[in-house]
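So the chains spell out like this:
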Amino acid sequence: MRDLARRQVFLVAGRALLMLPIFLAAWYFAGTPLTWVPGVAATPIVRVISGGSVAMQQQGRDIHYTVKLEAPYRPGVTPRVAADVEVGAAKFTYGIALFLALALAARESRDSVAILLCSVLLVVLPALGIAFDALKQLGATPGLQPFLGWGIGTREGVALGYQVGTLLLPTLGPVALWLVLARGLWLPEPGAQ
């Protein structure tokens, strides 16, 4: 029984590795729309946390945000500043290729409706990484500190959001969704010991 399970794991992994270059090529050629959607979805996050007005512009696979900030009101003058940040959004969107390769490699996860729903989620999920990358760049600019007015909690939250959005979500998000779809691979069968 254990040898059969091991063989099945190797077969799924092998099929996924064979399909991955095809899906990575498709991801590469679909890169512009795959970065636009999360770039738009990240805009409100950047706006709320920065406290400024945000305009997004896409150039290829890069997202540019122009963030206009105001310092706290002082009688007679309200200092304003505009900051531009650029996020290489493609590094957050490759997970969809990984998910599709895994989902189509195992029979247990080939439900077309579930694959479509998970794919839509994986198109939007990179918004967190994109938003916190932009916020990290804003927070790292020394001249913007008085305009942002972030306390220690906000700065730590941005650092944590950046790490989660950059290191964990792009890779673990697709794998976690696939594991939910492919429950038949790893859940024991009822009555089996």
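Residues numbered from 1 in each chain as written. Predicted model: local features only at pLDDT ≥ 70, side-chain atom pairs only at ≥ 80, totals over all residues. Heavy atoms only, no water.

(A) Local environment of the sheet that holds strand β2 (residues 62-70). Pairing within the open sheet is antiparallel, and its 3 strands lie in the order β1-β2-β3. Unpaired on one side and paired on the other, β1 (53-59) and β3 (80-88) mark the two borders of the sheet. Averaged over neighbouring strand pairs, the angle between their axes works out to 20° when direction is ignored. Across the sheet, helix α2 (residues 31-50) lies against β1 and β2, angled at about 165° from β1, the strand it touches most. Packing against the sheet, helix α6 (residues 126-139) makes contact with β2 and β3, and its axis sits at approximately 135° to β3. (Pairing = 2+ DSSP bridges. Helix = DSSP H or I, 4+ residues; strand = E, 2+ residues; numbered from the N terminus. Axes fitted to C-alpha atoms, helices over the stretch in contact; angles between N-to-C directions. Contact = heavy atoms within 4.5 Å.)

(B) Molecular detail of the packing of aromatic side chains. The tally for this structure, following the rule as stated, stands at 1 aromatic pair. Ring plane angle 80° and centroid distance 5.4 Å describe the contact between Tyr-28 and Phe-29, whose orientation is recorded as edge-to-face. The aromatic ring of Tyr-28 is capped on one face by Arg-61, whose charged end is 4.1 Å from the ring centroid. (Phe/Tyr/Trp six-rings, centres within 6.5 Å; stacked < 30°, edge-to-face > 60°. Lys NZ or Arg CZ within 6 Å of the ring centre and 35° of its normal.)

(C) Region of interest: the nonpolar core. Core analysis: the largest hydrophobic core is formed by 28 residues, its most contacted members being Ile-96, Phe-99 and Trp-178. Every element with two or more residues in this core is listed here: α1 (2-29), α4 (95-105), α5 (112-124) and α8 (152-181). The biggest single contributor to this core is α4, with 9 residues. Setting aside chain neighbours within four positions, we find Trp-178 in contact with Val-12, Phe-99, Leu-102, Ala-103, Ala-106, Ser-109 and Leu-185. Within the second largest apolar cluster, 25 residues are counted, among which are Val-54, Val-85, Ala-131 and Ala-134. (Core = buried A, V, L, I, M, F, W, Y, C linked by side-chain atoms within 4.5 Å. Buried < 20%, exposed > 50% of the residue type's maximum accessible area, 1.4 Å probe, protein only.)

(D) Local environment of the pattern of salt bridges. Tallied over the entire structure, the rule returns 2 salt bridges. Of the charged contacts in the structure, one is a salt bridge between Asp-133 and Lys-91, with a shortest N-O distance of 3.4 Å. Placement of the pair is Asp-133 in helix α6 and Lys-91 in helix α3 (residues 90-93), with a sequence separation of 42 residues. By relative accessible area, which is 4% here, Asp-133 ends up buried. (Salt bridge = Lys/Arg side-chain N within 4 Å of Asp/Glu carboxyl O.)

(E) Representation of the packing of α6 against α8 within the structure. It is at 8 Å that the axes of α6 and α8 come closest, and there the two elements cross at 135°. Relative to α8, the element α6 lies oblique. Read as a crossing pair, α6 and α8 show a hand that is left-handed. Between α6 and α8, the residues in contact are Leu-128, Gly-129, Phe-132, Asp-133, Leu-135 and Lys-136 and Gly-157, Val-158, Gly-161, Tyr-162, Gly-165 and Leu-169, respectively. Considering only residue class, the contact of α6 with α8 consists of 6 nonpolar, 4 polar and 2 charged. (Parallel < 35°, antiparallel > 145°, perpendicular 65-115°, else oblique. Left-handed = near helix turned anticlockwise from the far one by under 90°. Nonpolar A, V, L, I, M, F, W, Y, C, P; charged D, E, K, R; others polar.)

(F) Focus on the environment of Gln-145. Assignment of secondary structure puts Gln-145 in helix α7 (residues 145-148). Linking Gln-145 and Gly-76, residues 69 residues apart in sequence, is a C-alpha distance of 21 Å. Excluding residues within four positions of it along the chain, Gln-145 makes contact with Leu-138 and Gly-139. Among the polar contacts listed, one links the side chain of Gln-145 to the backbone oxygen of Thr-141, at a separation of 3.5 Å. (Polar contact = N/O pair within 3.5 Å; in protein donor to acceptor, adjacent residues only side chain to side chain.)

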